[in-house]
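What follows is the residue order along each chain.
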Amino acid sequence: MYAHDSFAQTTLLAQFISKWHDNGASERAGAHHFFLDLCDLLDVDRPGYDPDNYCFERGASRTGAKRGWADVWKRGCFAWENKRPGKNLDEALRQLMTYALALDNPPLLVVSDREIIRIHTHFTGTPSETHTIRLQDIGAPENLQKLRWVFDNPGKFRPRLTLHDITAEAAGRFAEIAQTLASEGHAPQKVAHFLIQCLFCMFAEDVGLLPGQQFQHIVAKSQSNPNRLTAHLSDLFASMRIGGEFWGEDIPWFNGGLFETIEVIPLGSSQIAALLDAARMDWSQIEPSIFGTLFERGLDPALRAQLGANYTDPDTIRKIIHPVITEPLAEEWEEIKRQIRAKLTAAGKDLALEKVTADARINRSIKSEGNDAESGHPSFRELQPKLAKQVEAQKARLTKAAKAAKKLFLGFICRLRDFRVLDAACGSGNFLYLALRALKDLEHLANLEAEALGLHRQLIIETCPANVMGIEINPYAAELARVTIWIGEIQWMLAHGYEIRRNPILAKLDHIECRDAVLAPNWTEPEWPTANVIVGNPPFIGDKKMRNVLGTEYTIALRKLYQGRVPGGADYVTYWFEKARAKIETGNTHSAGLVATNSIRGGANRKVLERIVATTQLFEAWSDESWINEGAAVRVSLICFGNSHRSKLDGQSVDGIFADLTADHIGKSTAASDLTQARPLIENANVAFSGIQKTGPFEVSGELARYWLSLPNPHGRSNTEIVKPWHNGLDVARRHRDMWIIDFGTDMLQDEAALFEAPYSYAYEHVRPTRIGKREARTNEMWWIYQWPRPVMRATINGLSRFIVTPEVSKHRIFSWLPVSVVPDKNLIVIARADDVTFGILQSRFHRIWALRLGTSLEDRPRYTSSTAFETYPFPAGMTPADTISRRPHGSVADAIAATARRLNQARENWLNPAEWTERLPEVAPGFPDRVIARPGHEVDLKKRTLTNLYNQRPAWLEKAHQQLDSAVAAAYGWTDYTPAIPDEEILRRLLDLNQQRSKAKR
């Protein structure tokens, strides 16, 4: 049986090859018959059994079409275009690429002239690969297998490498060259410019714009004579600048500014070899959406260490591009399409009705011909001219409708041509490239759909680099942004079958400006160019880091300039939000979509969003997304604001978005409350503080501190006055690291401090060098005192036996006790109360969810902001901070909270420091807390006992203890209906009502 099948297959192959070799059939007839014979040869289904998914002439049903977009099409598999032998298969491929969108973007594009079958891969996110099968070789088993995969398993052709892989490798090659050139002392900007010119040449020759692989040949021929390379590259770049002849080839006019300045850096033999390796790569496939970022890291010395780091996925950037650009313009096109269809349909129906009426009247006239004159029917001879005139008039009306439809279509094309996108912190151009691609995709779609409606599509794409504008302060990034856009433009045109622009190939991109976007050199506010929309990823610099990163003078000038618009404590990114808001308010811009760290939802940052909500609308936001910033993973918010008729938060439709990036969710039984309306309460004032900010290496090990405590001083006073245990957030969330700190108080004079001999000598040697020369007076002149010693906080906890602390930034919102002898660091929030009732309320579910919603976050860790999370929180009546300032609340409800809080705290302490694993040692000096050390053999086990690990595990006993505490606190609020099942939104609604009642009562 097998031999018979093999013989039959061999016979079929011979017949197939014989029939189609030098076959003179016409293109159309030959195409169909060739494909049917191929189906029989491969033993696969013929087209037509499922015309919606597999058919000849896909797209032939469009108005006025004689041929389809593809000769054969199978959904999810391929589009196939056949030509007569000898015809240009590149033209056939270009046609398929042009119509790929209308063909649902098949993964394979196949072209054939019956002598050759070329299979081109068309998978998203991968380079295109070509598999060629000649007619005489079609019987090879591997070729038959490939052809069957085309029909039933196209995924077998998916390239293993992705475009991102190729781009990352290319960036790595250039980083090596850039590093060696920088080590030789060449100016970084000069190196970057030269290498950017080189990489564009590699791209240009791989897409066929630079003929004859000129760049690669120059580098290869110069290996033995490095001096020759400098001269040849200078000549090549000069030819690309103006166009002309070079090495016997006609070089196109590139211009655009890239080759305006030519300074070729002399390269050594090893550098030439590295450049040649790079030139041999396929640069046509690099991915522009990450290209700029990776190359910037490779070329900029300040960013080179981040070269191997991740980059932001383009799909994340599209979460801004889509709602700000694509979606509203697509809606406009849908409305225009509706109008076009209505005009053409109405005119077409009128013409058809007129023809039917005319036919009926003619038939009646013919039947009555020869009857007597009194029959009442006009004669055929009388009727014919009149009917012909009516039909011509109706045809004129149809022509008029077609013209009106064409005007609508071309009007939308002009709308896209004139549409402007601004990124005022454009970096290396990722946002601008994806914005330009979105506009070109829309124009291409409009062309295809207009053609399907019976109009002629435009053969020239109007959207181009002029549609995108940028501002960028970093010259490396600004130049890369231009190249990213040029390369992306060329790639898109080639991928969709359109001719690229010529004379010059590269458009001037002077509208990618290299300057500061928020503060001009003369300390005035710079103007932004007018744009329809604003998008981008402004720099992430926290308000506390602005002076160090930007300089004190710049920071002061910036905050003064925007005073009243941006709070002084807001992050740098918020200045871009305010400027975009102002452009929208004046009507110069329709909408904006910007990225910020997710801390924009709270604190001073949120004031900027509140201003946006007051003057326009937050219409789409992603409140907490992963992002890559300077090679590091951070958590961000993606925020779109301006004019829109919809609202979406985290992908869900909502009634509206509040300034804290929460919303009322449509259809939810419990609506969200706008917690941005929460106001600070007088009874909570002057209770929550940040710990000290030392600004200098004041901390020492416990071993050294205990040694100092044993030393005498000239004035007879003990070092216990200024050497104390020190806690920061890690000591609370994890375990105490046995760190101490030198603390000269808030205003101790230097002469007095010097009498504490050993600690002062240590501070003079280690702290003073880090403080002298600073611009802040205290930091410079009183170097032995902390930069922020927090005198008010110290005075408030003075006299207490203990106080409450919580880490400013922590995965879990946990509160702990510290004795007053411990110095709390700046990343601890100090609550100046010593009673268990306050501790219990703060540790309850109610305060936890309030703090989570009104606080901010650092990356993926919530931040507790005392001004919003604590000062606004409505404590139960009679248990507010004003009530506990001088006494502990009493009564059955308060006693229940205190008792459950003590039990929770004691249970946690027992878990953290079990008696079986630990022992307590009195400190060497009285007044300081005991030391907890591990018993021999339990050191490793004890390291794992941290509050973070405890709340990660959340064992049953801990959950039960919290539920008991929550019930006790709920009773204090009078919430008799409370159960753990009550939604967070309902609790927040009740707390906000209390806040509003109390804040209004105190006004």
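Residues numbered from 1 in each chain as written. Predicted model: local features only at pLDDT ≥ 70, side-chain atom pairs only at ≥ 80, totals over all residues. Heavy atoms only, no water.

**Observations regarding the pairing of strand β21 (residues 723-727)**
For β21, the buried fraction is high: five of the five residues fall into the buried class. Alignment of β21 against strand β22 (residues 739-742), held across three bridges, turns out to be antiparallel. Within the sheet, the bridge partner assigned to K724 lies in β22 and is I741. (Buried < 20%, exposed > 50% of the residue type's maximum accessible area, 1.4 Å probe, protein only. Helix = DSSP H or I, 4+ residues; strand = E, 2+ residues; numbered from the N terminus. Pairing = 2+ DSSP bridges.)

**Description of the packing of aromatic side chains**
Both the distance between ring centres and the angle between the ring planes are used here to describe each pair of aromatic rings. Per the counting criterion, the structure on display carries 43 aromatic pairs. With a centroid separation of 5.1 Å and an interplanar angle of 85°, the aromatic rings of F35 and W80 are classed as edge-to-face. Here F35 is found in helix α2 (residues 27-42), whereas its partner W80 is found in strand β3 (residues 78-82), with 45 residues between them in sequence. Residue F35 is classed as buried on the basis of its relative accessible area, which comes to 0%. Ring geometry for F815 against Y864: centres 5.9 Å apart, planes inclined by 85°, an arrangement best described as edge-to-face. Of this pair, F815 sits in the loop between β23 (802-807) and β24 (816-819) while Y864 sits in the loop between β28 (861-863) and α28 (866-870); the two residues are 49 residues apart in sequence, bridging distant segments of the chain. Classification of F815 as buried rests on a relative accessible area of 0%. Judged by relative accessible area, which is 1%, Y864 ranks as buried. The rings of F35, Y54, F56, F78, W80 and F151 are connected pair by pair, giving a single aromatic cluster. (Phe/Tyr/Trp six-rings, centres within 6.5 Å; stacked < 30°, edge-to-face > 60°.)

**Examining the confidence of the model for the protein chain**
Per-residue pLDDT for the protein chain has a mean of 88; in total, 89% of the residues score no lower than 70. Here helix α24 (residues 777-781) stands out as the least confident element of the protein chain, with mean pLDDT 63; strand β9 (residues 421-423) is the most confident, with 98. Confidence drops under pLDDT 50 across residues 304-310; counting only partners more than four residues distant or on other chains, this segment forms 21 contacts. Confidence drops under a pLDDT of 50 for residues 371-375, and excluding neighbours within four residues, the segment shows zero contacts in the predicted structure. (pLDDT = per-residue confidence, 0-100. Contact = heavy atoms within 4.5 Å.)

**Considerations on unusual backbone geometry**
Omega for the peptide link from N503 to P504 comes to 0°, which places this bond in the cis form. Topologically, P504 is positioned in the loop between α14 (475-495) and β11 (512-513). In this structure, T695 is a non-glycine residue whose phi angle is positive, near 55°. Judged by its relative accessible area of 28%, T695 is partly exposed. Here the phi dihedral of R954 falls at roughly 45°; this positive angle occurs in a residue that is not glycine. Examined against the element boundaries, R954 turns out to sit in the loop between α31 (947-953) and α32 (956-973). Overall, the relative accessible area of 29% leaves R954 in the partly exposed class.

**Comments concerning the environment of V573**
Relative to the helices and strands, V573 is located in the loop between α16 (552-561) and α17 (574-585). Owing to a relative accessible area of 2%, V573 belongs among the buried residues under this scheme. Along the chain, V573 and I541 lie 32 residues apart, while their C-alpha atoms are 6.9 Å from each other. Excluding residues that lie within four positions of it along the chain, V573 makes contacts with P538, P539, F540, V595 and A596.

**A word on the sheet that holds strand β20 (residues 699-701)**
Strand order in the open sheet formed by four strands is β20-β22-β21-β25, with mixed pairing between adjacent strands. Strand pairing shows two members of the sheet lacking a second neighbour, β20 and β25 (823-824), which therefore form its edges. Helix α22 (residues 757-766) rests against β20, β21 and β22 of the sheet, and its axis sits at about 85° to β22. (Axes fitted to C-alpha atoms, helices over the stretch in contact; angles between N-to-C directions.)

**A word on α14**
With 21 residues, α14 should cover 30 Å at 1.5 Å per step; its first-to-last C-alpha distance of 30 Å lies within 8% of that length. Counting buried positions along α14 gives 17 out of 21 residues, so the element sits mostly inside the fold. A side-chain oxygen of the first residue of α14 lies 2.9 Å from the backbone nitrogen of Y476; this N-cap is N474. (Expected span 1.5 Å × (residues − 1). Polar contact = N/O pair within 3.5 Å; in protein donor to acceptor, adjacent residues only side chain to side chain.)

**What about the sheet that holds strand β1 (residues 54-58)?**
Taking strand neighbours across the sheet as the criterion, the six strands line up as β1-β2-β3-β4-β5-β6 in an open arrangement whose pairing is mixed. Looking at strand neighbours, the two that pair on one side only are β1 and β6 (130-134), the edges of this open sheet. Strand-to-strand twist across the sheet, computed as the mean angle between neighbouring axes with direction ignored, equals 20°. Where β3 lies against strand β4 (residues 108-112), five bridges are found, and the strand directions are parallel. Along β4, the bridge assignment pairs E81 with V111. Contacts from α2 reach β1, β2 (70-74), β3, β4 and β5 (116-121) within the one sheet, and its direction differs from that of β1 by about 165°. Sheet strands in contact with helix α3 (residues 89-99) are β2, β3, β4 and β5, and its direction is about 150° off that of β4.

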